[in-house]
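Structural description and commentary
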Amino acid sequence: MPESYDDPTLAAKLVHGPRPTTVTTVDYDPAWPVRFEHRAAELRDVLGERARLIEHIGSTSVPGLAAKPIVDIVVGIDDPDDEQAYLPDLDAAGYELRVREPAHRALRGGTDSEPVNLHCYPPGHVEVRKYLAFRDRLRANEADRDAYAALKRQLATREWPDINYYAEAKRPLIDEILARAGWRG
């Protein structure tokens, strides 16, 4: 069960508070990796050596997987808590801070027609390794990919008080898939 947004700890992470949402899931689009490459090049220009890694994550990074048409990217930043070292440059490039928590910042960028979710973590952070393990498992295993797509389509039929509720509803299956991938954290 997702944490309540009445929980001051969780609510404090959301820079603008919860945003009610519906989720649109669409069939895989081969343009998504191209969009990622465009944004990755942009991020390399904006951040230079501060970007220790730039990876395409999330459902748009898995060929054949239905997804929200939002490209998810993780960038390895040595110290995401040192916002002055990189956030002004991301802000100037059109990224808006959405989530602030220890060792993690989430931003939204792109355009209305080509949105981007950007996650900034230290490069070796457990969440980065988890994103990559999950992505790689879905790329390699059709049964897990199909199960995940079916769950996402089912969950997309509901309205959510915030996208984090949708993400949390997927957590049990994500954990099962990670376990089959050999994830040990």
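Reference entry: report on the structure contained in this document. Note that the structure is a prediction, hence the values are computed from the model and not measured.

**Overview of the pattern of salt bridges**
- Taken as a whole and assessed by the stated rule, the structure comprises 16 salt bridges.
- Residues Arg 105 and Asp 81 are paired through a salt bridge, measuring 3.0 Å at the closest nitrogen-oxygen approach. Taken together, the residues span a long stretch of sequence, with Arg 105 in strand S5 (residues 104-110) and Asp 81 in the loop between strand S3 (71-76) and helix H3 (87-92) at a distance of 24 residues.
- Its relative accessible area of 5% is what places Arg 105 among the buried residues.
- Judged by its relative accessible area of 42%, Asp 81 is partly exposed.

**As for the environment of Asp 162**
- Within the secondary structure, Asp 162 is located in the loop between strand S7 (159-160) and helix H6 (163-180).
- Residue classification places Asp 162 among the buried positions, given a relative accessible area of 3%.
- With 97 residues separating them in the primary sequence, Asp 162 and Leu 65 have C-alpha atoms 23 Å apart.
- Among the polar contacts made by the side chain of Asp 162, one reaches the main-chain amide nitrogen of Arg 19 at a distance of 2.7 Å.

**What to know about the nonpolar core**
- Core analysis: the biggest nonpolar cluster contains 19 residues, and Leu 43, Ile 73, Val 75, Leu 90 and Leu 118 have the highest contact counts within it.
- Among the elements of the structure, helix H2 (31-47), S3, H3 and strand S6 (115-121) are those that each provide at least two residues to this core.
- Broken down by element, the residue count for this core peaks at 4 residues, all from H2.
- In this view, Ile 73 contacts Phe 36, Arg 39, Leu 43, Ile 54, Glu 55, Ile 57, Val 116, Asn 117, Leu 118 and His 119; residues no more than four positions away in its chain are not counted.
- In terms of nonpolar packing, the next biggest core, distinct from the first, is built from 17 residues, Leu 65, Leu 151, Leu 155 and Trp 160 among them.

**Describing the pairing of S3**
- Counting buried residues along S3, 6 of its 6 residues qualify, which places the element largely inside the surrounding structure.
- Residues Val 71, Ile 73 and Val 75 point to one face of S3 and Asp 72, Val 74 and Gly 76 to the other, with burial holding for every one of them.
- Across 5 bridges, the pairing between strand S2 (residues 53-57) and S3 is antiparallel. Of the residues in S3, the one forming a bridge with His 56 is Ile 73.
- Alignment of S3 against S6, held across 6 bridges, turns out to be parallel. Across the sheet, residue Asp 72 finds its bridge partner in S6, namely Asn 117.

**Some points on the packing of aromatic side chains**
- This model, assessed by the stated rule, comprises 4 aromatic pairs.
- Plain terms: the ring middles of Tyr 28 and Trp 32 are 5.4 Å apart, the flat faces sit at 85 degrees to each other, and that makes the pair edge-to-face.
- Here the aromatic rings of Phe 134 and Tyr 148 are separated by 5.1 Å at their centres, their planes lie at 85 degrees, and the arrangement is edge-to-face. With a gap of 14 residues between them, Phe 134 in helix H4 (residues 126-140) and Tyr 148 in helix H5 (residues 142-155) connect regions that are remote in the sequence. Both residues of the pair, Phe 134 and Tyr 148, count as buried.

Criteria and thresholds
Residues numbered from 1 in each chain as written. Predicted model: local features only at pLDDT ≥ 70, side-chain atom pairs only at ≥ 80, totals over all residues. Heavy atoms only, no water. Salt bridge = Lys/Arg side-chain N within 4 Å of Asp/Glu carboxyl O. Helix = DSSP H or I, 4+ residues; strand = E, 2+ residues; numbered from the N terminus. Buried < 20%, exposed > 50% of the residue type's maximum accessible area, 1.4 Å probe, protein only. Polar contact = N/O pair within 3.5 Å; in protein donor to acceptor, adjacent residues only side chain to side chain. Core = buried A, V, L, I, M, F, W, Y, C linked by side-chain atoms within 4.5 Å. Contact = heavy atoms within 4.5 Å. Pairing = 2+ DSSP bridges. Phe/Tyr/Trp six-rings, centres within 6.5 Å; stacked < 30°, edge-to-face > 60°.

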